[in-house]
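Tertiary structure, described
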Amino acid sequence: MSFLTIAGITKTFADGTQALGPLDLNIDQGSFTAILGPSGCGKSTLLRIIAGLNPASQGGIGFGDGLKPEMGFVFQEPTLMPWRRVHENVALGLEMRGIDDRAQVQDAIMRVGLEKFANAFPRQLSGGMRMRVSIARALASRPALLLMDEPFAALDEITRGDLNDDLLTVWQSAGFTSLFVTHSVFESVFLAQRIVVLSERPGRIVDDIRVDAPYPRGEDWRLSVEYAAIARQVSAALRAGHHMQVAGGQG
Amino acid sequence: MFYRLAPTILGLGLLALWEVLVRVLDVPPFILPSPNAIGQAMWRDGAGLWQSMLFTLRITLEAFALASILGLGFAIGFTRSAVLKAALYPYAIILQVTPIVSIAPLIIIWVGIDNIEAALLILATIVAFFPILSNAVLGFASVDPNLRDLMRLYGASGFQIFWSLELPAASPQILAGMKIAGGLSLIGAVVAEFVAGSGGATGLAWRIIEAGNRLQIPSMFAALVLLSVLGIAIFMALTALEWLVLHNWHESAIARE
Ligand SMILES: Nc1ncnc2c1ncn2[C@@H]1O[C@H](COP(=O)(O)OP(=O)(O)O)[C@@H](O)[C@H]1O
Ligand SMILES: [Mg+2]
């Protein structure tokens, strides 16, 4: 029994846009899966359906034990409340449930390395640090499933690399299941155990690629032959997905 | 430091110039009284002026509070229901664009004959209502939809979303609306009193009319000065409130530091 089962979902918006699917996917407990696809192929739509923020048009989402697990969501922008201090932003999810657990908030802030900035306001932080706050906020409610929608796409290369490293560390120690949407081939190969490549809109699965390299992954993984080989395979799948759309469009 | 004192220095300089010119050119007090004569009038009528000022201040504050509650209330309603907004917003705009002096006689006839204060309050509220409504609607509409989704994901109740997200997110616009409405409440109260004439209203506007009828120009000026003081005090109070709410986080307040 897998942790998350996505069965035959499609999404057609009210204006007739076919955004997604049909799409089937099983996600294992504790795994790190990257979802890769061209922009506009329905990646955000898929995450929103999994989070229960939008209904699917067809098909459904199931969880292993039948209950909706605790979820965290990280957007492309940090999406913080500028009037709240860092620790107050991080506490948001707990606060909405009436839980006042300073230790848990503190722990989440520590995991992203912001203990010195717990009392700062978002405007006082850099873009990378704001993204860390956003991740800490998702971690604070101890999610079983962490949904990330191109969280580092707007960051510079170096900051992005640091955050990739730290995200893996947090994931390994906390043990949640990760669904990480990106349009970067290299980011997906660096992070994930499994890369699901989607076609152009409406997004369907073109390829499902395993990445067997062990964690912790570091610079040596980025420079390895296997890394390059998988990156080539993923790129080829992306191109194939693109041609699928062109062929479908002509048909 | 100099920048802070500059308005005061300019004001004192102009007052001195005014005093000197009135004396040197021997301008009669019923044309333009000297600052000194205005000060004496203020001292002489002190008790009465004070009562009038309290009257006008009370109408102004009541109208401001009422306009804030109604403006915010309708803005919340409009954010929740597109139908309500579509149905009512045009009427709010009609109320806004109709000059208040043209409605005032009607309201004063309908309400003011029994209760002049209620009539003044209604008129001042109508004037102050719209800026709060329109700014609050704008503020609520600009709440980050991703934050809204996040709150839903965390199972937040409608009230939690309002209290922890919508209200603080819209507070810069709401406060901007309140700052405009503060001044308009005073203008509304004074205009209403002018239309009401001396039929029972005893605020500062009534003092101005009375003094004008008797050609007591220094007393007119004295009431006028107090009106300005009221207006400035209201503006400063609302600026302070805005600073309190926004200074930690909002760009507009940070730029000033
Ligand atoms: N609410 C909506 N109504 C209509 N079309 C939408 C809506 N949301 C997204 N879309 C469209 O659906 C497609 C997939 O969107 P999205 O899931 O955001 O793509 P991605 O995240 O992969 O870039 C896009 O073409 C987008 O324009
Ligand atoms: Mg997207």
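Residues numbered from 1 in each chain as written. Chains lettered and ligands numbered in written order. Predicted model: local features only at pLDDT ≥ 70, side-chain atom pairs only at ≥ 80, totals over all residues. Heavy atoms only, no water.

1. Observations regarding the packing of helix H6 (residues 116-141) of chain B against helix H8 (residues 158-196) of chain B
All names here are of chain B.
- Contact geometry for H6 and H8: axes closest at 6 Å, N-to-C directions at 150°. Here H8 runs roughly antiparallel to H6, going by the angle between their axes. Here the hand of the crossing between H6 and H8 comes out right-handed.
- Of the residues in the contact of H6 with H8, the class split is 23 nonpolar, six polar and two charged. (Axes fitted to C-alpha atoms, helices over the stretch in contact; angles between N-to-C directions. Helix = DSSP H or I, 4+ residues; strand = E, 2+ residues; numbered from the N terminus. Parallel < 35°, antiparallel > 145°, perpendicular 65-115°, else oblique. Left-handed = near helix turned anticlockwise from the far one by under 90°. Nonpolar A, V, L, I, M, F, W, Y, C, P; charged D, E, K, R; others polar.)

2. Quick notes on the domain arrangement of chain A
Residues and elements named next belong to chain A.
- On domain assignment, one finds that chain A holds domain 1 (28-54 + 144-251) and domain 2 (78-142).
- Between the C-alpha centres of domain 1 and domain 2 there is a distance of 25 Å.
- The partner domain 2 presents nine residues to the 13 residues of domain 1 that form the contact.
- Taken together, both faces of the contact between domain 1 and domain 2 bury some 860 Å²; the carbon and sulfur share is 71%.
- Of all residues in domain 1, Leu146, Leu163 and Val170 give up the largest surface area on contact with domain 2, accounting jointly for 41% of the area buried on that side. (Domains from an automatic or database assignment. Contact = heavy atoms within 4.5 Å. Buried area = accessible area lost by both parts, 1.4 Å probe.)

3. Structural notes on the confidence of the model for chain B
Residues and elements named next belong to chain B.
- Chain-level statistics for chain B give a pLDDT mean of 90 and a share of 97% at 70 or above.
- Mean pLDDT across the elements of chain B ranges from a minimum in helix H11 (residues 251-254), with 72, to a maximum in helix H7 (residues 145-153), with 95.
- For this predicted complex, the interface score ipTM comes out at 0.89, while the overall pTM is 0.88. (pLDDT = per-residue confidence, 0-100.)

4. Concerning helix H4 (residues 82-97) of chain B
- Along its 16 residues, H4 of chain B runs 22 Å from first to last C-alpha, staying within 8% of the 22 Å computed at 1.5 Å per residue.
- Of all bends in H4 of chain B, the biggest is about 35°, found at Leu88 of chain B, and the proline Pro90 of chain B comes one to four residues later. (Expected span 1.5 Å × (residues − 1). Bend = angle between axes of the 7 residues up to and from the residue.)

5. Observations regarding the interface of chain A and chain B
- Taken together, the 25 residues of chain A in the interface contact 18 residues of chain B.
- A combined buried area of about 2000 Å² lies between chain A and chain B, and 65% of that area is made up of carbon and sulfur atoms.
- Ranking the residues of chain A by area buried against chain B places Trp83, Met96 and Arg123 of chain A at the top, with a combined share of 34%.
- Applying the counting criterion to the chain A and chain B interface returns one salt bridge.
- Notably, a salt bridge pairs Arg48 of chain A with Asp149 of chain B, separated by 2.6 Å at the nearest N-O pair.
- Here chain A and chain B share five residue pairs in polar contact (both at pLDDT 80 or more) between them.
- Looking at the side of chain A that touches chain B, the elements that each hand over two or more residues are helix H1 (43-51), strand S5 (71-74), helix H3 (92-96) and helix H5 (127-140) of chain A.
- If one sorts the elements of the side of chain A that touches chain B by residue count, H3 of chain A sits on top with four residues. (Salt bridge = Lys/Arg side-chain N within 4 Å of Asp/Glu carboxyl O. Polar contact = N/O pair within 3.5 Å; in protein donor to acceptor, adjacent residues only side chain to side chain.)

6. Details of the sheet that holds strand S4 (residues 58-63) of chain A
Residue and element names in this part refer to chain A.
- Spatially, three strands are ordered S2-S1-S4 in an open sheet, and the strand pairing comes out antiparallel. Here the strands that pair on one side only, and so sit at the sheet edges, are strand S2 (18-27) and S4. Across the sheet, the mean angle from the axis of one strand to that of its neighbour is 15°, orientation sign disregarded.
- The pairing of strand S1 (residues 4-12) with S2 spans six bridges and is classified as antiparallel. Looking across to S2, one finds that Thr12 is bridged to Gln18.
- Where H1 meets the sheet, its contacts fall on S1, S2 and S4, and the angle it forms with S1 comes to roughly 120°. (Pairing = 2+ DSSP bridges.)

7. Comments concerning the sheet that holds strand S7 (residues 177-182) of chain A
Residue and element names in this part refer to chain A.
- One open sheet accounts for six strands, arranged S5-S6-S7-S3-S8-S9; its pairing is mixed. Each edge of the sheet is formed by a strand with only one pairing partner; in this case those strands are S5 and strand S9 (205-210). Neighbour-to-neighbour, the strand axes of this sheet turn through a mean angle of 15°, independent of strand direction.
- Note: strand S6 (residues 145-149) against S7, five bridges, orientation parallel. Along S7, the bridge assignment pairs Met148 with Phe180.
- Its contacts with the sheet put H1 on strand S3 (32-36), S5, S6, S7 and strand S8 (194-198), and the angle it makes with S6 is roughly 155°.
- Those strands touched by H5 are S5 and S6, and its axis lies near 170° from that of S5.

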